[in-house]
Amino acid sequence: DGRPAVGAVYDPTRDELFAASAETAATLNGRPIAAGVKEGLADAVVSLGLSGDDVVGRTVAVRKAVRVTRSMGSSALSLAYVANGRFDVFAQDGGQSAWDVAAAGLIAERAGASSWIMLA
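Please read all numbers here as calculations on a predicted model, not as lab measurements.

### Quick word on the nonpolar core
Looking at soluble globular proteins, one finds that nonpolar side chains tend to be buried together.
Logical step 1: By size, the foremost hydrophobic cluster in this structure holds 23 residues, and its most contacted members are V9, F18, A26, I33, A83 and I107.
Logical step 2: Of all elements in the fold, only strand 2 (16-21), strand 3 (24-28), helix 2 (75-84) and helix 3 (98-110) reach the threshold of two or more residues within this core.
Logical step 3: Considering every element that reaches this core, the biggest residue donor is helix 2, with seven residues.
Logical step 4: The contacts of A26, once residues within four sequence positions are left out, are A19, A20, R31, P32, I33, I107, R110 and A111.

### Brief notes about the pattern of salt bridges
Logical step 1: Considering all chains together, one arrives at two salt bridges under this definition.
Logical step 2: Salt-bridge contacts for E109 lead to R3; the nearest nitrogen and oxygen are separated by 2.9 Å. Of this pair, E109 sits in helix 3 while R3 is found in the segment before strand 1 (6-11), placing the two residues 106 residues apart along the sequence.
Logical step 3: What makes E109 partly exposed here is its relative accessible area of 35%.
Logical step 4: The closest approach of N and O atoms between E16 and R86, which form a salt bridge, is 2.7 Å. Highlighted residues: E16 in strand 2 and R86 in the loop between helix 2 and strand 7 (89-92), separated in sequence by 70 residues.

Cut-off values and rules
- Residues numbered from 1 in each chain as written.
- Predicted model: local features only at pLDDT ≥ 70, side-chain atom pairs only at ≥ 80, totals over all residues.
- Heavy atoms only, no water.
- Core = buried A, V, L, I, M, F, W, Y, C linked by side-chain atoms within 4.5 Å.
- Buried < 20%, exposed > 50% of the residue type's maximum accessible area, 1.4 Å probe, protein only.
- Helix = DSSP H or I, 4+ residues; strand = E, 2+ residues; numbered from the N terminus.
- Contact = heavy atoms within 4.5 Å.
- Salt bridge = Lys/Arg side-chain N within 4 Å of Asp/Glu carboxyl O.

Written out as structure tokens, the structure is:
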């Protein structure tokens, strides 16, 4: 039906395997995980992947609105961190392919992340 049925993301630096299926909960090394819940944006840890003409201005604006920003360099790992509650938001403004986010998007969804959007 065009949706991922199974997803796995492995982080070799931490020896962590994030996984989920359409019928099972998200796990980290076999233990259930859940996305975090924050009251407001000012409390959020945000993974940013911004580019373009005004990247500095947009980055500064986001940094003023949130608790802290991070840049992982990996869309899949950033989404897996959202699933585990290490990050609250993953935002990237382009350059994504289905293989960048399909597995980790399923993991984040099954962990209870409220929504994720791939911007073109």
